[in-house]
Amino acid sequence: MLSARDLTKSFSTSEGPLQVLRGISVDVTSGESVALTGESGSGKSTLLHLLGCLDAPDSGTITLKGTALQDLDEAGRAMVRRSRVSVIFQQLNLIPSLTVAQNLDFQARLAGVLDRDWQHELADRLGLTPLLARYPEQLSGGQQQRVAIGRSLAIRPELVLADEPTGNLDEATADTVLDLLIEGTARSGSALLMVTHSPRLAARLDRTLHLQDGLVQ
Amino acid sequence: MNAVAFQALWSHWRRHKVQLATLVLGLALATALWSGVQAINAEARKSYDRAAGVLGQDQLDRLEAPGGVTLSQYIALRRAGWDISPVVEGRLSGDDLRLLGVDPLSAPPQPALTALAGDSAALATFLGDGFLLVAPETAARLQGSDLPPRRIAADVPPGTAITDIGTALRLLRTDRLSHLLIRRQQAMGLTPLDQITDLKRVTPTDQSSLAQLTDSFHLNLTAFGLLSFAVGLFIVQSAIGLAFEQRRAAFRTLRALGISLRRLMALLAVELGVIALVSGAAGILLGYIIAAALLPGVAGTLRGLYGAEVTGTLSFDPLWALSALGIALLGAAAAGAQALWRVARMPLLAPAQPRAWAMASGRMIRMQTGAAIALLLLSGLLALWGDSLMAGFACLAALLIGAALALPVLLLVLLRLAGRFTRGPLSEWLVADARQQVPALSLALMALLLALAANVGVGTMVGSFRATFVGWLDQRLASELYITTRTPAEAEAIRTYLTPRTDAVLPIWSVAITLRGAPAQVYGVADDPTYRDHWPLLQAQPDAWDRLAQGDGVLINEQMARRDELSLGDPLTLSEGWQLPVVGVYSDYGNPQAQLIAGTDALATHYPDQLVLRFAVRADAAQVPALITDLTACFDLPDDALRNQAEIKALSLDIFDQTFLVSGALNVLTLGVAGFAMLTSLLTLSSLRLPQVAPVWALGVAPRQIALAELARTALLATLTWALAVPVGLALAWVLLAVVNVQAFGWRLPMQLFPGGWLWLGLWALVAALLASAWPVWRLVTLPGGQLLRVFANDR
């Protein structure tokens, strides 16, 4: 379903260009869950951003169900982010000025795929029903991440990319959030690629990719 | 230690240069507008004092008579031993010059004349062929004029020429003196004046009459300056507040490292002081430029309104510069007080997480709303029961500050309502986001509200005034031709000449009296349809004109009715033994004094010696040009002796338009400052908006759409602010027309509405807001994706 080949990416810094990805290749099949691990600076987040159309590679190809993502312009990448790939960050996923209910259905409405029944089911399963009228600032970190998961699954994306979604949470909350993420992606038929530092959490996914110095080991 | 700590604090500004520039420019603008207005006021007052002080006229008693003093009256008094000096005063309308004719040998000491005394050749020329002593700027203006030669005398007031009395009489084409100045030192044993002349002795008032007359105008100007200053301070407070909020962590660290709270506060105060002094210096320069640019307009206004001559060029006064620096320091202190107070109350272990300073809490908005309600109530009470000019201005201040404080809560309510009607996720986000931005943008929006309300208010006042004035002129100037003659003989000859050739020749004559301790003018009018059909009466008894014709009643002007609280039917004693009831009240815009109208016969009975030198002529309008040519040829009348109706109307409207030039300029400047406040707030906010914008971008909204949404949000807030500014502006106009005008000038104007003007203003506000948001939006949406992604990174 997702195939990335020979991806490179560098950033300019005050000390000169910094090569973060050095020709990385990754494949993810439909419904599969993959953990992405590695030291800080190994390129995990950068890879996730390229796969999620949040950034463009310097070279290499990314194909999502036949669509060559590297050839898309900004509008095309925005379209992919809106309707095919969901990204969950470690924090600040939510739009502060919207309520939980509005945040939950925001992406689905942008993509024009709002399914009220699915929305209610997600809210129920994520335990968000009593919180729908609240604003993000009135939620705990775990509650905020549950809203982010609900929002990302609302469009039934082909791929969910999660960048340390439990990094700010305590262990118990992290487990709960991960349970919900795994169960949710399975129910929506989405593949999951999750960046994590935790071997314990990585072990709960189908397989693990370890990055080092911009390459898969 | 102080230096190290100060360096640490100051490093913030090195890294936030735009913020520092905003702060300096905001304070400089506020200082400039305030001190510019003060400079204009000071220059005008200096001119009044110079004008009042010419020939010691502000100190010496004078003898005068209606219609002027004859040479024989003057000679009789000199022969009786009185040390008096003749003065003839008049205007040369062609050159727009006040001409003052004096006898240099008997005139009170005057620097310009003293110079003549030491130069016998110059004195001989002055007395012989004659020349005019004028100020340098007047000399420049008169270049190419066919008046007698000019000589520069720095002490002569602007717009005035001093010359020998013989030259003045010749130029003014008159044979009468205006008045006689009585020297303080007189010989012993002289016959008292009241036994040897029927001329009236007049003692000068303590303050120059011009200064008194123009007080209201200068108060208006000061109020505008204060409004601009307040609008500028909004920018300053916003910038200081943000800088302090961004440095909360630094403050905490400095205190943790052993800097006492007192020392920290002192260092922050010094930092503010340094910024205020730099801004003040920039403000002085800017203020001088603004004042110099506005002064010619103010001079035109004062000339038009009060006949006051004010120099058109600005002199630099070190005291003014010092006071401008003082106001900059005061402004910085006022704007920084809240921020300093918060630092003083901040616990040592306060969370260092920066929170946008301007994000006022719900509690703050509730407090603001409470204060707004209290101020608006106070404004209402002052409008209803205030009884002075100061109360009028206090009412204005309470109204404007109250409305500004109420703005955030009103915007929140309106946005909540708007939210109910939005469809689609992006428009829902836009409205919800706008609601969240209201506290952060409230200071800039308040500044915009004040500027827009001032524009609507002053625009409505000026528009109402102009429309009323035009209608009033049409009524008052019903006659086709107005003639001013020089002598009773000439008046009689012209009247005889005109009577068979025109429909009516109506005398215009008046007597100066003192009524209830104040000067007043009584006009005598003939019983003619011209008055019955046209005169603008505000209230009248049904038979008012009949009673006036029979000598059984008097009409009074509105300002007199208001000042003396006179109503229809109230008896009024015009002179000893002459008491008449008030039978009508008429509008009399532009006249600062009390005025009355009595029947011609009644006035002639009580003032038999009064001269009638002016006439209004009713004739076929088509005949008027020929009539003017005939009259000029037959009687050798000077240019300004004959005025047709259209000429007077055009002149009056020209004066009127001049009067409000400065208000217009200050309006534009205030709107400009408010636009700048918007720009600075939006620029500041753009860096704080990443957490709001980044998730929306990450969810697949293209940068172009985000830019449009950002622009739409600013447009929405500006439009709502404009919609709220219109009623505030109308309330402001009502207070100006019904309270301030009545207190300042004694007349009340009917308010008229100009919706077209509001729409234009709304359009301008929208354009200004969009222009102000263009750069911040462009900066935001052209951020590399990497910068937006940093919002989500763990190290944030």
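Reading the values: the criteria
Residues numbered from 1 in each chain as written. Chains lettered and ligands numbered in written order. Predicted model: local features only at pLDDT ≥ 70, side-chain atom pairs only at ≥ 80, totals over all residues. Helix = DSSP H or I, 4+ residues; strand = E, 2+ residues; numbered from the N terminus. Buried ≥ 20, exposed ≤ 12 C-beta atoms within 10 Å, placed from the backbone. Contact = placed C-beta atoms within 7 Å. Pairing = 2+ DSSP bridges. Axes fitted to C-alpha atoms, helices over the stretch in contact; angles between N-to-C directions. Left-handed = near helix turned anticlockwise from the far one by under 90°. Nonpolar A, V, L, I, M, F, W, Y, C, P; charged D, E, K, R; others polar. Parallel < 35°, antiparallel > 145°, perpendicular 65-115°, else oblique.

A. Broad picture of the overall build of chain B. Of the regular secondary structure elements, chain B holds 27 helices and 18 strands. Here chain B, with 796 residues, has 42% of them falling under the buried criterion. Once local pairs closer than 6 in sequence are excluded, the contacts in chain B between residues at least 24 apart make up 82%.

B. Quick look at the overall build of chain A. Secondary structure summary: chain A contains seven helices and ten strands in total. Burial analysis of chain A (217 residues in total) assigns 49% to the buried set. Taking as baseline every contact in chain A between residues at least 6 positions apart, the subset at least 24 positions apart corresponds to 74%.

C. Seen up close, unusual backbone geometry. All names here are of chain A. Even without a glycine there, the phi angle at Arg 156 is positive, about 45°. Inspection of the secondary structure assignment puts Arg 156 in the loop between helix 5 (141-153) and strand 7 (159-163). Classification of Arg 156 as partly exposed rests on a count of 19 C-beta atoms within 10 Å. If you check the backbone angles, Glu 164 has positive phi at about 45° while not being a glycine.

D. A look at the sheet that holds strand 5 (residues 67-68) of chain A. Residue and element names in this part refer to chain A. Spatially, 2-1-4-5 is the arrangement adopted by the four strands of the open sheet, whose pairing is antiparallel. Pairing within the sheet leaves two strands with one partner each, and these edge strands are strand 2 (16-28) and strand 5. Bridge analysis of strand 1 (residues 2-13) against strand 4 (residues 59-64) gives five bridges, and the strand direction is antiparallel. Within strand 4, the residue paired with Thr 8 across the bridge is Ser 59.

E. Inspection of the packing of helix 14 (residues 389-421) of chain B against helix 15 (residues 425-476) of chain B at higher detail. Residues and elements named next belong to chain B. Here helix 14 crosses helix 15 at 145°, and the two axes come no closer than 9 Å. Of the two possible hands of crossing, helix 14 and helix 15 adopt the one that is right-handed. Across the interface between the two elements, Leu 400, Ala 403, Ala 404, Leu 407, Pro 408, Leu 411, Leu 412, Leu 415, Arg 416, Ala 418 and Gly 419 from helix 14 touch Val 431, Ala 432, Ala 434, Arg 435, Val 438, Pro 439, Ser 442, Leu 445, Met 446, Leu 449, Leu 450 and Ala 453 from helix 15. Split into classes, the residues belonging to the contact of helix 14 with helix 15 amount to 19 nonpolar, two polar and two charged.

F. A look at the pairing of strand 4 of chain A. Residues and elements named next belong to chain A. Across two bridges, the pairing between strand 4 and strand 5 is antiparallel. Paired with Leu 64 across the strands is Thr 67, a residue of strand 5. Linking two consecutive strands that pair antiparallel, namely strand 4 and strand 5, is a turn of two residues; a positive phi of about 45° is found at Lys 65 within it.

G. Structural context of the interface of chain A and chain B. Contacts between the two partners involve 28 residues from chain A, matched on the other side by 23 residues from chain B. Taken together, the elements giving at least two residues each to the side of chain A that touches chain B come down to helix 2 (74-83) and helix 3 (100-111) of chain A. The element contributing the most residues to the side of chain A that touches chain B is helix 2 of chain A, with six residues. When grouped by side-chain class, the residues that make up the side of chain A that touches chain B number 13 nonpolar, eight polar and seven charged.

H. Spotlight on the packing of helix 5 of chain A against helix 6 (residues 171-188) of chain A. All names here are of chain A. Two elements in contact, helix 5 and helix 6, have axes separated by 10 Å at closest approach and are oriented at 10°. The angle between the axes of helix 5 and helix 6 places the two elements in the roughly parallel class. Residues Gly 142, Gln 145, Arg 146, Ile 149 and Leu 153 of helix 5 form the contact with helix 6, whose own contacting residues are Thr 173, Thr 176, Val 177, Leu 180, Leu 181, Gly 184 and Ser 188.

Such coordinate-based values are descriptive only and should not be taken to indicate function.
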